[in-house]
Amino acid sequence: MSFRKIDIDAYDEDVLLEGELCEPDPRDPTQVLSDAKQKQAAVRSTLARGDVPGALGIALDSIPYGPNVEEAKNLTLQTVVSILNSTKSSEIISVVKALSQDAQDTLMKYLYKGMGMPGWGDVSGSVLLGWHEKLTEVAGTGCIVRVMTDRRTV
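Before going into details, it helps to say that this report is about the structure given with it.

Criteria and thresholds
Residues numbered from 1 in each chain as written. Predicted model: local features only at pLDDT ≥ 70, side-chain atom pairs only at ≥ 80, totals over all residues. Heavy atoms only, no water. Helix = DSSP H or I, 4+ residues; strand = E, 2+ residues; numbered from the N terminus. Contact = heavy atoms within 4.5 Å. Areas by Shrake-Rupley, 256 points an atom, 1.4 Å probe, with all protein chains shown as cover. Polar contact = N/O pair within 3.5 Å; in protein donor to acceptor, adjacent residues only side chain to side chain. Salt bridge = Lys/Arg side-chain N within 4 Å of Asp/Glu carboxyl O. Buried < 20%, exposed > 50% of the residue type's maximum accessible area, 1.4 Å probe, protein only. Axes fitted to C-alpha atoms, helices over the stretch in contact; angles between N-to-C directions. Parallel < 35°, antiparallel > 145°, perpendicular 65-115°, else oblique. Left-handed = near helix turned anticlockwise from the far one by under 90°. Core = buried A, V, L, I, M, F, W, Y, C linked by side-chain atoms within 4.5 Å.

## Some details on the overall build of the protein
Moving on, step 1. Along its length, the protein carries seven helices and zero strands.
Moving on, step 2. Along the chain direction, N to C, the helices and strands of the protein fall in the order α-α-α-α-α-α-α.
Moving on, step 3. For the protein, long-range pairs separated by at least 24 residues make up 75% of all intrachain contacts whose partners lie at least 6 apart in sequence.
Moving on, step 4. Accessible surface, the protein as shown: approximately 9300 Å² in total, 52% of it carbon and sulfur.

## A short note on the side chain of Thr-136
Moving on, step 1. With respect to the helices and strands, Thr-136 occurs in helix α6 (residues 120-139).
Moving on, step 2. Of note is the side chain of Thr-136, whose polar atom sits 2.8 Å from the backbone oxygen of His-132.

## Some remarks on the pattern of salt bridges
Moving on, step 1. Tallied over the entire structure, the rule returns five salt bridges.
Moving on, step 2. Note that Asp-105 and Arg-146 form a salt bridge whose closest N and O atoms lie 2.8 Å from each other. With Asp-105 in helix α5 (residues 101-116) and Arg-146 in helix α7 (residues 141-149), the pair connects residues that are 41 residues apart, well separated along the chain.
Moving on, step 3. Among the ionic pairs, Asp-150 bridges to Arg-152, the shortest N-O distance being 3.5 Å.
Moving on, step 4. Here Arg-152 falls in the partly exposed class, since its relative accessible area comes to 37%.
Moving on, step 5. Each of the salt bridges in this network shares a partner with another, and the network as a whole consists of Lys-109, Asp-150 and Arg-152.

## Examining the packing of helix α2 (residues 52-59) against helix α3 (residues 70-85)
To describe two helices that pack against each other, one gives the angle between their axes and the distance between the axes.
Moving on, step 1. Running from amino to carboxyl end, α2 crosses α3 at an angle of 165°, the nearest separation of the two axes being 10 Å. In this view, α2 runs roughly antiparallel relative to α3, as classed from their interaxial angle. Every pair of crossing elements has a handedness; the one defined by α2 and α3 is left-handed. Only Thr-76, Thr-79, Val-80, Ile-83 and Leu-84 of α3 make contact with α2, whose side of the interface consists of Val-52, Ala-55, Leu-56 and Ala-59.

## Looking at the packing of helix α1 (residues 29-48) against α2
Moving on, step 1. Contact geometry for α1 and α2: axes closest at 8 Å, N-to-C directions at 175°. With respect to α2, the element α1 is oriented roughly antiparallel. Between α1 and α2, the contacting residues are Lys-39, Ala-42, Val-43, Thr-46 and Leu-47 on the first element and Val-52, Gly-54, Ala-55, Ile-58 and Ala-59 on the second.

## So, the nonpolar core
Moving on, step 1. With 27 residues, the main nonpolar core has Leu-56, Leu-60, Val-80, Leu-84, Leu-107, Leu-111 and Trp-131 as its most contacted residues.
Moving on, step 2. When contributions to this core are tallied by element, the ones reaching two or more residues are α2, α3, α4 (92-97), α5, α6 and α7.
Moving on, step 3. In terms of nonpolar packing, the next biggest core, distinct from the first, is built from six residues, Leu-33, Ala-36, Val-69 and Ala-72 among them.

Dropping the structure here:
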């Protein structure tokens, strides 16, 4: 038996599992998906009225996180990116200032997720980078540090 084929983590008591890093979303995955669909509809109606800060606030409230909610995560990402794409660049700073610190951190998470997804950078890369610039200008570099150290990924 080769020593390279032995799973030493099975014998280590101090192994850190992914599920132990943060609390999973207490909601049922089907409930999380239905909440994401309801939020998407609410965001559309809010955007139709021209209330971008309100739409972004709705989209960034009670976000899906943890395992088994990938479809809800992608739906929420699409919702957030649609808001970002429909906002004029001259309005970005006022929209970001209207958000709470937690909402600004969550928005930064979605910016990084959008930049990291294959194909998304081609479609809305310049929009995401513009929002990143304005968000960092308003929230500071602490926002970036908080997002990078938070274990709850979107």
